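What the coordinates show
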Amino acid sequence: MDETFIQRKRTANVVGSMVIPKYCDPKTVYTPKDIQTDMLSEHGVNLSYMQSWRAKEKDLQFLRGNPADSYSKLPKYFYILEETYPGSVVKLKKTADECFLYAFVALCTSISGWQHCRPVVVVDGTFLKSAYRGIMLIASTMDAAGTILPLAYAVVDSENDASWKWSKFKKGHLQLHELYFATARSYTLDEFNERMSKIEEVDPRVKSYLYDIGYHRWSRVHATVNRTWTMTSNIAESLNAVTKDARELPIFDLLEYMRTLLERWTNEKLLKAKGTFTFLGAKFNKELDDNITISQKLKVRASTDHIHTVVDGVKRYIVCLENKKCSCGQFQLEELPCAHALAALRHRNKIYENYCSPYYTRESLLRMYEMPVNPLPDESKWNVPQHILDEVVKPPTGDKRQPGRPQKERYKTYDEIKSKKYKVSCGNCGGEGHNKRSCKNAPKKK
């Protein structure tokens, strides 16, 4: 055998054994360049980049195993999940020739917590960077503290609905972006119609597209279920950011990473809920405090025991405490007393607690996380029936990821790229579009 090859193998194995603890946590970023730097500073060994890269690859292969073998572990892993977490929903789907198609997991803890949440689910997908690629879908909702509650997660071989027509409307993109979200968050039909007219002025095709989708799918005022603050997929995208470093893991390790994440989050959020002493969760309590501050400046005139006129500057709003409604739209759509409703409540010497959604309360928060995600036993201790062990799951038949460093960040949309461009400003005259060196407004040197 070539002596050079043997020497390379020895070097990779020795260096790999020295730095392997760095790769136990997928969140740790430890590059071949870092290996070069540490080996030189700590051991006086000068490695080439390729030697460091081979050491890293050796460690990852040792820790994560063969990506193809990871699929064969799924039947016994799903069996243990069902045994450990009764009431969970776990599904493993294969093709006729035993190739992986999709895996779905909804743990009993999330299912139990969902019963105390507003019935609004956000689903978002992210591309995986492992050898066999695929897409991870995550369904989540907002808890009573205004934070993320993951409900279910799945790995599929491809995305089924990729109709991103919005990217086709290039004209006035940034203006459309702002108008769209303002329209989606409108509290009244008058506000909605006014903003839709402005969208039509920018690009009539966008108005037609949004109409074809169905206003109830994206507009707060048209929604068939009260969405309150859940108007975008931001909570799911935030969860995707948390799992960013795990996307390179083989499927077995990825699913286990998600389970341990839920285990940790459930415990942390329960402790935080027990340390909450306000009637409402943190996010909604802050919103209420802000509304209380505003309400102090408002004037109230009672028409009946339940109906009040609230004067806010030059504007008047009608509040009906019996129906929990205000003409501003916020009271009924957010299910939290707006500033006008709080002014009316203060006028009647009534407490706000009876006018808040039960989904926002500390009591609901405690119930969401009362069922813990217990740890799984070590894999060597799993007691799995033989017919489960004999089940075959082959890797998906799609194209494997090409060799080379996987892309960490997703491709940015036209809007995101353009919106992040900053304008150069001059430190001399304060004008935009030029810097201090090229400033023509600078005083002439004498």
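Our focus in this paragraph is the packing of aromatic side chains. Applying the stated criterion across every chain, the model contains 8 aromatic pairs. Where Tyr 77 meets Phe 78, the ring centres are 6.1 Å apart and the plane angle is 50°; that geometry is what we call tilted. The class for Tyr 77 is buried, based on a relative accessible area of 1%. Following the ring pairs from residue to residue traces out a cluster consisting of Tyr 77, Phe 78, Phe 252 and Trp 382. Residue placement shows Lys 73 over the ring face of Phe 252; its charged tip is 4.8 Å from the ring centre.

With that settled, consider the sheet that holds strand 7 (residues 307–312). Strand order in the open sheet made by the 4 strands is 6-7-8-9, with antiparallel pairing throughout. In this open sheet, the two strands that pair with only one neighbour each are strand 6 (299–302) and strand 9 (325–326). Taken together, the 6 bridges between strand 7 and strand 8 (residues 315–320) define a ladder with antiparallel strand orientation. In the strand pairing of strand 8, Thr 309 is matched with Ile 318. Across the sheet, helix 14 (residues 339–347) is in contact with strand 6, strand 7, strand 8 and strand 9; its angle to strand 7 comes to roughly 120°.

The topology assignment puts Asp 143 in the loop between strand 4 (135–142) and strand 5 (148–156). Among the residues examined, Asp 143 registers a relative accessible area of 2% and is labelled buried. Engagement of the side chain of Asp 143 in a polar contact is seen with the backbone nitrogen of Ala 145, the distance being 2.9 Å. There is a polar contact of 2.5 Å between the side chain of Asp 143 and the side chain of Thr 147. When neighbours within four sequence positions are excluded, Asp 143 is seen to be in contact with Ile 148, Leu 149, Lys 269, Phe 284, Leu 365, Met 368 and Tyr 369.

Parameters at a glance
Residues numbered from 1 in each chain as written. Predicted model: local features only at pLDDT ≥ 70, side-chain atom pairs only at ≥ 80, totals over all residues. Heavy atoms only, no water. Phe/Tyr/Trp six-rings, centres within 6.5 Å; stacked < 30°, edge-to-face > 60°. Buried < 20%, exposed > 50% of the residue type's maximum accessible area, 1.4 Å probe, protein only. Lys NZ or Arg CZ within 6 Å of the ring centre and 35° of its normal. Pairing = 2+ DSSP bridges. Helix = DSSP H or I, 4+ residues; strand = E, 2+ residues; numbered from the N terminus. Contact = heavy atoms within 4.5 Å. Axes fitted to C-alpha atoms, helices over the stretch in contact; angles between N-to-C directions. Polar contact = N/O pair within 3.5 Å; in protein donor to acceptor, adjacent residues only side chain to side chain.

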